[in-house]
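Examination of the molecular architecture
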Amino acid sequence: MTEKRAKRISLVFMGVSVFMGLNYTFVEQDMVFALMSISGFFVFQFGLENPKLLMSKSWKEFGEEVDVATGKEKLAGTPLYFAAVFFSVLYIILV
């Protein structure tokens, strides 16, 4: 697998996560699946920034790539993540 293919895979799964998040927030109104989809988007965004993690062939190689990965603070949450979670939960509760 090349870095370009790993980035494409991350972009596809980010799109799927957005679609699922919107579906579970506005159509089906399932809070658990909506929150999983929102967090999935940000995990795949981390994968987009660090495509070598997706290309690892062993756990040892994966660990070495995690040590030099950029954007680790995004996995703990960004303001956009917390806003998406807040408004998704608020919409599901109020509607």
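First, a word on scope: everything that follows refers to the structure included in this document. Bear in mind the structure is a predicted one, so any value in this text is a computation, not a measurement.

**Looking at the overall build of the protein**
Across its full length, the protein holds five helices and zero strands. Out of the 95 residues in the protein, the part that is buried amounts to 24%. Restricting the contact set of the protein to residue pairs at least 6 apart, pairs at least 24 apart contribute 66%. With the model as given, the accessible surface of the protein reaches about 6500 Å², and the carbon-plus-sulfur share is 69%. The positive charge centre, built from 9 side chains, and the negative charge centre, built from 9, are 10 Å apart in the protein.

**What to know about unusual backbone geometry**
Phi is mostly negative for residues that are not glycine, and the peptide bonds are mostly trans. One non-glycine residue, Gln29, lies in positive phi territory at about 50°. The topology assignment puts Gln29 in the loop between helix H1 (3-27) and helix H2 (31-49).

**A look at H2**
Under the 1.5 Å per step criterion, the end-to-end length of H2 is 28 Å for 19 residues, consistent within 8% with the ideal 27 Å. Among all positions of H2, only Ala34, Ser37, Ile38, Gly40, Phe42, Phe46 and Gly47 are buried. If you follow the buried residues of H2, they end up packed against H1, helix H3 (51-54) and helix H5 (79-94).

**Re the packing of H2 against H5**
In a pair of packed helices, the angle between the axes and the distance between the axes together describe the arrangement. In contact at an axis separation of 10 Å, H2 and H5 are set at 165° when each is read in the N-to-C sense. Between H2 and H5, the crossing angle belongs to the class labelled roughly antiparallel. As for how H2 packs across H5, the hand of that crossing is right-handed. Along its contact with H2, which presents Met31, Ala34, Leu35, Ile38, Ser39 and Phe42, the element H5 presents Leu80, Tyr81, Ala84, Val85, Ser88, Val89, Ile92 and Ile93. Here the residues of the contact of H2 with H5 are counted per class, giving 12 nonpolar, two polar and no charged.

**Thoughts on a nonpolar patch on the surface**
Judged by side-chain polarity, Val18, Leu22, Phe26, Val27, Met31, Phe86, Phe87, Leu90, Tyr91, Ile93, Leu94 and Val95 come together as a nonpolar surface patch covering roughly 1200 Å² of accessible area. When contributions to the nonpolar patch are tallied by element, the ones reaching two or more residues are H1 and H5. For the nonpolar patch, the leading source of residues is H5, giving six residues. Position of Met31 among the secondary structure elements: in helix H2.

**Thoughts on the environment of Val85**
With respect to the secondary-structure elements, Val85 resides in helix H5. Linking Val85 and Phe42, residues 43 residues apart in sequence, is a C-alpha distance of 12 Å. Not counting residues up to four positions away in its chain, the partners in contact with Val85 are Leu35 and Ile38.

**Quick word on the environment of Asp30**
Summarising the element assignment, Asp30 is placed in the loop between H1 and H2. Taking C-alpha positions, Asp30 is 7.6 Å from Ile92, a pair spaced 62 residues apart along the chain. If we skip the residues at most four places from it in the chain, Asp30 touches Tyr24 and Ile92. In this structure the side chain of Asp30 is engaged in a polar contact, spanning 3.4 Å, whose partner is the backbone nitrogen of Val32.

Calculation notes
In this numbering scheme, every chain counts its residues from 1 along its sequence in written order. Note on the predicted model: pLDDT of at least 70 is required for a residue's local features to be given, and 80 or more for side-chain atom pairs to be given and counted; whole-chain, interface and lining totals, by contrast, use all residues. Note that the side-chain values use all heavy atoms of the structure and ignore hydrogens as well as water. The helix count covers DSSP runs of H or I at least four residues long, the strand count covers runs of E at least two residues long, and both are numbered beginning at the N terminus. Partly exposed describes any residue whose relative accessible area lies between the buried limit of under 20% and the exposed limit of over 50%, with all areas from a 1.4 Å probe on protein chains only and scaled to the type maximum. The criterion used for residue contact is that any of the two residues' heavy atoms lie within 4.5 Å. Here the accessible surface of atoms and residues is derived via Shrake-Rupley with a 1.4 Å probe, and residues count as covered only by protein chains that are part of the display. For the charge count, each Lys or Arg is scored as positive and each Asp or Glu as negative, with His and the chain ends excluded. To locate a charge, take NZ of a lysine, CZ of an arginine, CG of an aspartate or CD of a glutamate. Expected helix span is given by 1.5 Å per residue-to-residue step, counting one fewer step than there are residues. Helix axes are fitted only over the stretch in contact, all axes being lines through C-alpha atoms; the angle between N-to-C directions runs from 0 to 180 degrees. Under this scheme an angle from 65 to 115 degrees is roughly perpendicular, one under 35 degrees roughly parallel, and one over 145 degrees roughly antiparallel; angles in between are oblique. Throughout, a crossing is termed right-handed when the near helix is turned clockwise from the far one, and left-handed when it is turned anticlockwise from it by less than a right angle. As a working rule, the residues Ala, Val, Leu, Ile, Met, Phe, Trp, Tyr, Cys and Pro are called nonpolar, Asp, Glu, Lys and Arg charged, and the rest polar, with Gly in that last group. Two joining distances apply to patches: 9 Å for like charges and 5 Å for nonpolar side chains (Val, Leu, Ile, Met, Phe, Trp, Tyr), and every residue must have over 30% relative accessible area and no salt bridge. Salt-bridge detection follows one rule: a side-chain nitrogen of Lys or Arg within 4 Å of a carboxyl oxygen of Asp or Glu. The definition of a polar contact used here is a pair of N or O atoms within 3.5 Å, where within protein one atom must be able to donate a hydrogen and the other to accept one, and adjacent residues in sequence count solely through side-chain atom pairs.

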